[in-house]
Amino acid sequence: MLRASRLLATSGGTTSRAAAATTSRTATITRAAATKRISATEHVAPSARWRGTLDAVARTARAQAGSSVATSARWRRTLHQMARTPMLPACALATITLARPPNCEVAVAVPPKKTMPPKNWRVARTLGGWSLRVAPVALWAPFALLIPFLRKWWWRHVLYAIEGCGPTAVKLAQWSATRPDVFPEAWCQRCGLLQNRATRATQTRREALRTLADAFPGGDTVLGATVGAGCVAHVRRGLRRGRAVAVKLVHPSTRSRVEDDVRALRWLARAASLLMPRTCEVLDPTGLVEDFADKMLLSCDMMNEAEALRRLRRNFVGEQGVVFPEPLLSSSGVLVESFERGVPLNEALPSLDPETKRKVARRGLRALLKMLFADNYIHGDLHAGNLLLRFDGHDFDLVILDAGLVIELSPRDRRNFIDLFGAVVKRDGRRAGQLIAARATHRGGGEDDVEAFVDELDRLGKDATVRG
């Protein structure tokens, strides 16, 4: 019986060793096949297909629970050595992945993420980019002013440089185009083209389809041609369930570029405060930059614009002749809204008769005053590119687009605005000057300067009264 037991033990041990050898050979063949399949991707840059291959290799490794694998400590040492290797071939990565133990926490050794440059370096890069784009424009400006033939090409270069400086520069140029009382007429005319025809922020059709599919996987919206572009997003015509829609798409890099621009503006504001402390005490460039930054970053999120459109539509539900688009779908980067037909205001005005122009002005002023005094919810981007006229016989609708920038005044600011507005309407320049001087948060100079300021506003009010 003892001999029989020994024979059975010998037979069982032989069978176990044979099974282990078979399992080991199977694991070796599997690892060799996987290594051969992935070795073709050694010189391919990391991509979604490459990561998918590694995930498949990891699943194969997890399935080999009975194979001979390295211990966890050995796996971690190997992984640490891989991290110090600058260029690791994909075949070596696959071999190590197959050799990982089933109980190891790390599934796949992924290359380290690309680190973002430090903030100071990003500020320097942004300022350097602005300088490189503005300097050539300034260099050949004298030649453009002296030679009329070059003037057209110089203005094109100006617009190209503004668009190249990023969405913040485009927004500032759009704002400057609405102030012909401050900037030259030629500047306002050229920068007005950026209000609905900015081209550097647009996406290709393939990129737009990918962005739309990532936001709304249903696929029930068909994209058409581009109908307009601004500093943050561009708009394409579309069709959703038989209804004409407008699809507004934010470029993926817009928010990061706005953040870089804001950092650069903050640096410039601090530098100005150090170089011109008395002037900046009155102008407060740091506060202006912070307020501008808040509004710009909010306008980069289409969900904020969708909520603003819903609220504006509720506020104007009983107001005839003023129309806002209806938001249908929204995400952080995509907004699908009703397509509103119309003619841009700056294109329609030259062909209108004086009476129709007065009607348009009264309707626009009524809408603005309602936002200011009745609702305290103000559309903050009312330039000509965001206003359309839609004619229906002898009547028309004023269509207001792009509600990404809205303003709500605090109780204190609203009271100050209403009091100052009342003084201006009554043409009481002295009262307006006294209100500004008394309620200003930053004020420089002495009492004599304040009195001179009040006298000047009083003179302006009297001159306006005399001219009628």
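See the structure shown above.
So, here's what we can say about the structure. (Residues numbered from 1 in each chain as written. Predicted model: local features only at pLDDT ≥ 70, side-chain atom pairs only at ≥ 80, totals over all residues. Heavy atoms only, no water.)

Strand pairing in a sheet takes place through backbone hydrogen bonds and is either antiparallel or parallel in direction. Pairing is antiparallel in the open sheet, where five strands are placed in the order 1-2-3-6-5. Either end of the sheet is taken by a strand with one partner, and the two such strands are strand 1 (221-229) and strand 5 (327-330). The mean angle between the axes of side-by-side strands here comes to 25 degrees, regardless of whether they run parallel or antiparallel. By the bridge criterion, three bridges tie strand 5 to strand 6 (residues 334-338) in an arrangement that is antiparallel. Across the sheet, the residue bridging to Ser-330 is Leu-335, located in strand 6. (Pairing = 2+ DSSP bridges. Helix = DSSP H or I, 4+ residues; strand = E, 2+ residues; numbered from the N terminus. Axes fitted to C-alpha atoms, helices over the stretch in contact; angles between N-to-C directions.)

Of note, the phi angle at Arg-241 is positive, near 55 degrees, even though the residue is not glycine. Looking at the secondary structure, you find Arg-241 in the loop between strand 2 (233-240) and strand 3 (243-250). When its relative accessible area of 67% is taken as the criterion, Arg-241 is described as exposed. Unlike most non-glycine residues, Asn-376 shows phi in positive territory, near 55 degrees. Mapped onto the elements, Asn-376 comes out in the loop between helix 16 (354-375) and strand 8 (378-379). (Buried < 20%, exposed > 50% of the residue type's maximum accessible area, 1.4 Å probe, protein only.)

What follows deals with the pairing of strand 6. Of all five residues in strand 6, five are buried; the element is thus mostly enclosed. With five bridges joining them, strand 3 and strand 6 adopt antiparallel strand pairing. The partner of Lys-248 across the bridge, within strand 6, is Leu-335. Adjacent in sequence and paired antiparallel, strand 5 and strand 6 are bridged by three residues.

With that out of the way, let us pick up the layout of surface pockets. Considering only enclosed or pocket space, the second largest pocket measures out at about 680 Å³ in volume. Forming the walls of the second largest pocket are 33 residues, and the residues nearest its centre are Gly-228, Val-235, Gly-385, Asn-386 and Leu-401. Looking at the lining of the second largest pocket, the elements that each hand over two or more residues are helix 8 (167-177), strand 1, strand 2, strand 3 and strand 6. Among the elements that take part in the lining of the second largest pocket, strand 1 stands out by supplying three residues, more than any other. Its residues assigned to classes, the lining of the second largest pocket comprises 13 nonpolar, 12 polar and eight charged. (1 Å grid on protein atoms, 1.4 Å probe; cavity = no way out; pocket = protein on both sides within 12 Å on 5 of 7 lines; lining within 4 Å. Points joined across faces, edges and corners; volume = space filled by probe spheres on them. Nonpolar A, V, L, I, M, F, W, Y, C, P; charged D, E, K, R; others polar.)

Right, let's get into a nonpolar patch on the surface. A cluster of nonpolar side chains, namely Phe-143, Leu-146, Ile-147, Phe-149 and Trp-153, defines an oily patch on the protein surface of about 610 Å² accessible area. Contributing elements (two or more residues each) for the nonpolar patch: helix 6 (141-146) and helix 7 (148-164). Following the sequence through the fold, Trp-153 ends up in helix 7. (Patch = residues over 30% accessible without salt bridge, like charges linked within 9 Å, V, L, I, M, F, W, Y side chains within 5 Å. Areas by Shrake-Rupley, 256 points an atom, 1.4 Å probe, with all protein chains shown as cover. Salt bridge = Lys/Arg side-chain N within 4 Å of Asp/Glu carboxyl O.)

Turning our attention to the packing of aromatic side chains. The relative placement of two aromatic rings is captured by the distance of their centres and the angle of their planes. Applying the stated rule across the entire model yields eight aromatic pairs. Ring centres of Trp-155 and Trp-187 lie 6.3 Å apart, and the angle between their planes is 55 degrees; this geometry places the pair in the tilted category. One end of the pair, Trp-155, is in helix 7; the other, Trp-187, is in helix 9 (residues 185-191), and 32 residues separate them in sequence. Trp-187 gets classed as partly exposed once you look at its relative accessible area, which sits at 26%. Judged by centre distance (5.3 Å) and plane angle (55 degrees), the ring pair of Phe-316 and Phe-324 falls under tilted. On the basis of relative accessibility, which here comes to 4%, the residue Phe-316 falls in the buried class. Relative accessible area serves as the criterion here: at 3%, Phe-324 is assigned to the buried category. Here a set of aromatic residues connected by ring pairs shows up, and it is made of Trp-154, Trp-155 and Trp-187. (Phe/Tyr/Trp six-rings, centres within 6.5 Å; stacked < 30°, edge-to-face > 60°.)

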